[in-house]
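Analysis of the macromolecular model
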Amino acid sequence: MYSCLVHNIYVINFIPTGKIENMNDSIKAIILAAGKGTRMKSSLPKVLHKISGKALVERVIDSVLEIDNLNEIFVITGHQSESVTEFLKNKYKNESIKTVLQEPQLGTGHAVFQSYDYLKNFKGTVIILCGDTPLLNSQTLQSFIEFHKKSDAALTVMSALFDDPTNYGRIVRDENENIKKIVEQKDANSEEKQIKEINAGVYCIEWEKISPAFFELTTNNEQGEYYLTDIIDWSVKKGLKTCGFILENNKEIFGINSRRHLAEAARFLNTMTIEKLMENGVTFISPENTFVSPETKIGQDSIIYPGCVIEGANIFGENCVIGPNTFIEGDVKTGNNVKIIQSKVSNAYIGENSAIGPFAHLRDRVEINSDVRIGNFVEVKKSTIDSSTNVSHLSYVGDSSVGKNVNIGAGTITANYDPLSKKKSRTIIEDNVKIGSNSVLVAPVTVKNSANIAAGSVITKEVPEYSLAIAREKQKNMENWVEKRINQIQSESKIEINSA
Ligand code: UD1
Ligand code: MG
């Protein structure tokens, strides 16, 4: 149950109790994403702008995908529909997400009407949302649908209370607080403009009952558009049960229309995420200088230092230390007691008690076991590193399998790439190997168990186990060479002075 103050009285989203016959019926969603987003001043379609590492429309779709019994999503595209369609195709292999073209874009009512042919024989509930309201969470959507179904409404509109309702459609209620209609800012009279309950742009409709309204929408308004909001007035006049659902947290329906909104929404989302993590026992030294995407989980007693940007879905263990100034790009999982200092990490597993950085770069499927040390200026790419191994300074480990108890000396490089064939090859370094500083391992190559490599070696063929490989010019000491050279220079300069 939610309750909110509207027109100085409390309006309660009272969810009736009792069993509802249609609770398990399938649900379909329509997401409006065809608008131009002029105020973004961007060559990128508005819904593809990102907050906290995810596109706006992606955030909406991901929340919708969590709704129980949802079996189909129609995304209405129009402005730059190719890029939006392409994005969705790459992101979701899910056949149930379909794009529907709206060309030209004649308003939100016209947008929904484009999916009419696909839904002609559908008899269940349709939830309609905007692609530019990325903060709505799935629990809220679930409660909204539950409220709609239990109220046995033909139409339910989501609303919220804003101190400054400017630019939103206003919910007009009658003297009994029943919803009458929605009036857009541009069409509102001065009294209606005072209303602080706004239309969130999210609707639940019983398709069979409400869809005839789309044939009756007109462009008889200030903007000359087919307004989706006019279905409310239509439903009320037809005597169909029309309800309102007031959002508890009005920040959730924050819509993005400009870069300022984008930054504000990112800030809201970040604050909500960090507050939740703090409630679960994570320390943030400076929450306002730290960015964590809501998909990230962090274990208890971990400490996040300032300057960290943690994007995407990641899972950190307990007692971890991250930062300062660390960029986690997603798909990172760690055990407990892991430290990642001043580094960039993506797509990596880091086992317990391992330490990364400062200034390390881990990417493209890296698997690091426990008690490993990856030190400063070390890049690890698409490699596995087994437990208790050290790569402490200035190295590149790419396309490699590194065993247990290995020590990789400073400046060691695995030369994995042949620029002519453009092929990459693997380097295998078995357990207990010790590699001297400034060595190059030219892949494909294997260094067998417990072998040693002398510093400065260029290794091009297999090193047998327990052997020492030296692959560099043998040292030659030229005795008294310096003294002889000095004498030579001095005698040459005397000749020059004499001859002058
Ligand atoms: C709309 C509502 C307003 C509500 C607000 C909430 C209408 C008429 N008004 O206004 O009551 O308070 O949302 O955010 O519905 N779109 C299309 N095709 C079109 C036009 C728009 O797909 O022809 C899409 C846009 O891409 C956007 C969504 O519909 O995702 C909303 O459109 P927008 O122009 O932002 O409507 P608002 O003026 O914000
Ligand atoms: Mg809008």
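A quick note: this is a predicted structure, and the numbers were derived from the prediction, not measured.

Before going further, it helps to examine the sheet that holds strand 23 (residues 339-340). One open sheet accounts for 11 strands, arranged 14-17-20-23-26-29-32-35-40-43-45; its pairing is parallel. Edge strands, defined here as strands with exactly one partner in the open sheet, are strand 14 (283-284) and strand 45 (468-469).

With respect to the secondary-structure elements, T140 resides in helix 5 (residues 138-150). Here T140 falls in the buried class, since its relative accessible area comes to 6%. A distance of 2.8 Å separates the side chain of T140 from the side chain of E252, its partner in a polar contact. In this view, T140 contacts M158, L247 and E252; residues no more than four positions away in its chain are not counted.

Contacts to ligand 1 come from 20 residues, most closely from G35, Q102, T108, E184 and N199. In the environment of ligand 1, an oxygen atom lies 2.9 Å from a nitrogen or oxygen atom belonging to the backbone of L32. Interatomic distance of 2.9 Å between a backbone N/O atom of G169 and an oxygen atom of ligand 1. Considered on its own, ligand 1 offers 750 Å² of accessible surface; in the complex 85% of this is hidden by protein. Only strand 3 (27-33), helix 3 (108-113) and strand 12 (197-206) provide two or more residues apiece to the shell around ligand 1. Residue classes in the shell around ligand 1 are distributed as nine nonpolar, nine polar and two charged.

What follows covers the nonpolar core. Grouped together as the largest cluster of nonpolar side chains are 45 residues, with contacts concentrated most on L362, I368 and I374. Counting residues per element, the ones that place at least two in this core are helix 9 (259-279), strand 25 (348-350), strand 28 (366-368) and strand 42 (445-447). Among residues more than four places away in sequence, those in contact with L362 are K344, V345, S346, I350, I356, I368, I374 and V380.

What follows concerns a positive patch on the surface. Taken together, R365, K382, K424 and R426 make up a surface patch of like positive charges. Mapped onto the fold, K424 is located in strand 38 (residues 423-424). Under the relative-accessibility criterion, K424 is labelled exposed at 51%.

Quick look at the packing of aromatic side chains now. Applying the stated criterion to the full structure yields 12 aromatic pairs. Each ring, one from F113 and one from F215, has its centre 5.0 Å from the other, and the planes form 85°; the classification is edge-to-face. Residue F113 is found in helix 3, and its partner F215 is found in the loop between helix 7 (207-210) and helix 8 (230-237); the two are separated by 102 residues along the sequence. Its relative accessible area of 28% is what places F113 among the partly exposed residues. Since its relative accessible area comes to 52%, F215 is described here as exposed. With centroids separated by 5.0 Å and ring planes inclined at 90°, the aromatic side chains of Y116 and F215 adopt a geometry described as edge-to-face. Highlighted residues: Y116 in helix 4 (residues 116-119) and F215 in the loop between helix 7 and helix 8, separated in sequence by 99 residues. Judged by its relative accessible area of 18%, Y116 is buried. A connected cluster of aromatic rings, assembled from ring pairs, spans F113, Y116, W207, F214 and F215. The ring of Y417 carries K424 above its face, with NZ or CZ at 5.6 Å from the centroid.

Reading the values: rules and limits
- Residues numbered from 1 in each chain as written.
- Chains lettered and ligands numbered in written order.
- Predicted model: local features only at pLDDT ≥ 70, side-chain atom pairs only at ≥ 80, totals over all residues.
- Heavy atoms only, no water.
- Pairing = 2+ DSSP bridges.
- Helix = DSSP H or I, 4+ residues; strand = E, 2+ residues; numbered from the N terminus.
- Buried < 20%, exposed > 50% of the residue type's maximum accessible area, 1.4 Å probe, protein only.
- Polar contact = N/O pair within 3.5 Å; in protein donor to acceptor, adjacent residues only side chain to side chain.
- Contact = heavy atoms within 4.5 Å.
- Near = heavy atom within 4 Å.
- Areas by Shrake-Rupley, 256 points an atom, 1.4 Å probe, with all protein chains shown as cover.
- Nonpolar A, V, L, I, M, F, W, Y, C, P; charged D, E, K, R; others polar.
- Core = buried A, V, L, I, M, F, W, Y, C linked by side-chain atoms within 4.5 Å.
- Patch = residues over 30% accessible without salt bridge, like charges linked within 9 Å, V, L, I, M, F, W, Y side chains within 5 Å.
- Salt bridge = Lys/Arg side-chain N within 4 Å of Asp/Glu carboxyl O.
- Lys, Arg positive; Asp, Glu negative; His and termini not counted.
- Charge placed at Lys NZ, Arg CZ, Asp CG, Glu CD.
- Phe/Tyr/Trp six-rings, centres within 6.5 Å; stacked < 30°, edge-to-face > 60°.
- Lys NZ or Arg CZ within 6 Å of the ring centre and 35° of its normal.

Just geometry here; none of it tells us what the structure is for.
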